[in-house]
Amino acid sequence: MNITDVRVRKVAKEGKMKAVVSITIDDEFVVHDIKVIEGEKGLFIAMPSRKATDGDYRDVAHPINSGTRERIQNIILTKYEEVLAAEAE
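Residues numbered from 1 in each chain as written. Predicted model: local features only at pLDDT ≥ 70, side-chain atom pairs only at ≥ 80, totals over all residues. Heavy atoms only, no water.

## A word on the sheet that holds strand β1 (residues 3-10)
The cut-off we apply is this: The pairing criterion for strands is at least two bridges between them, as found by DSSP. Comment: elements are numbered from the N terminus, with helices defined as DSSP H or I runs of at least four residues and strands as E runs of at least two. Fitting a line to C-alpha atoms yields each axis, with helices limited to the stretch in contact; the angle taken between N-to-C directions then spans 0 to 180 degrees. Working rule for contacts: check all heavy atoms of both residues, and any pair within 4.5 Å makes them a contact.
Strands sit in the order β1-β2-β3-β4 across an open sheet of four strands; the sheet is antiparallel. The open sheet has two edge strands, β1 and β4 (42-46), and neither has a second partner. Taking the axes of each pair of neighbouring strands and ignoring which way they run, one obtains an average angle of 25° across the sheet. For strand β2 (residues 17-25) and strand β3 (residues 29-39), the ladder comprises seven bridges, and the chain directions are antiparallel. Bridge pairing in β3 links V20 to K35. Running at roughly 50° to β1, helix α1 (residues 66-88) makes contact with β1, β2, β3 and β4 of the sheet.

## Overview of unusual backbone geometry
Under the convention used in this document: In this scheme, a residue with accessible area under 20% of its type's maximum is buried, one over 50% is exposed, and one in between is partly exposed, where area comes from a 1.4 Å probe on protein chains only.
If you check the backbone angles, D27 has positive phi at about 55° while not being a glycine. Among the secondary structure elements, D27 is positioned in the loop between β2 and β3. When its relative accessible area of 62% is taken as the criterion, D27 is described as exposed. Within the chain, D33 stands out as a residue other than glycine whose phi angle is a positive 65°. Tracing the sequence through the fold places D33 in strand β3.

## Quick word on the side chain of S22
Using the following cut-off: What qualifies as a polar contact is a pair of N or O atoms within 3.5 Å, subject to a donor-acceptor requirement within protein and to the restriction that residues adjacent in sequence count only when both atoms come from side chains.
Tracing the chain through its elements places S22 in strand β2. Within the local environment of S22, its side chain forms a polar contact with the side chain of R9, the two groups lying 3.4 Å apart. Of note is the side chain of S22, whose polar atom sits 2.8 Å from the side chain of H32. Apart from residues no more than four positions distant in its own chain, S22 is found in contact with D5, V6, R7, R9, V31, H32 and D33.

## Topic: the nonpolar core
The condition is simple: Among buried residues, the Ala, Val, Leu, Ile, Met, Phe, Trp, Tyr and Cys ones that are joined through side-chain atoms within 4.5 Å form a nonpolar core.
With 16 residues, the main nonpolar core has V21, I23, I34, V36, I45 and I76 as its most contacted residues. Looking at this core, the elements that each hand over two or more residues are β1, β2, β3 and α1. When neighbours within four sequence positions are excluded, V36 is seen to be in contact with K16, M17, K18, A19, V21, L43, F44, I76, L77 and Y80.

## So, the pairing of β1
As defined by bridge partners, β1 adjoins β2 across seven bridges and the pair is classed as antiparallel. Bridge pairing in β2 places I3 opposite I25. Count of turn residues in the β1/β2 antiparallel hairpin: six residues, of which G15 carries a positive phi of about 155°.

## As for the pattern of salt bridges
Here is the rule: By definition, a salt bridge exists where a carboxyl oxygen of Asp or Glu is found within 4 Å of a side-chain nitrogen of Lys or Arg.
Under the defined criterion, the tally for this structure stands at four salt bridges. For the salt bridge of D5 with R7, the shortest nitrogen-to-oxygen distance reads 2.7 Å. Among the residues examined, D5 registers a relative accessible area of 26% and is labelled partly exposed. R9 is the salt-bridge partner of D33, the closest N and O atoms lying 3.9 Å from each other. With D33 in strand β3 and R9 in strand β1, this residue pair connects regions lying 24 residues apart in the sequence.

Here it is as structure tokens:
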């Protein structure tokens with residue numbers, strides 16, 4: 001699996017959510033609404049989710065294992081930092 005495109009949309013308002021991201025996998029499959037969140041230990045991603053009838057939120061799409069999640073998170077956060085750096089110039 002290769003992530004072939006990452007699109008970052010920064011969130012204008014102040015808060016913990018910093019951006020919303022879409023990724024394209026193998027130029028064939030897109031996952032929208034991945035969130036970049038500022039947590040106590042730094043930035044992390046939250047996969048797209050939907051509120052269930054019991055009030056809990058459940059991921060709509062997510063990696064099956066932690067290695068894949070780390071890989072996706074590293075790619076997204078690297079791209080997010082590039083967007084921030086480009087805006088600072």
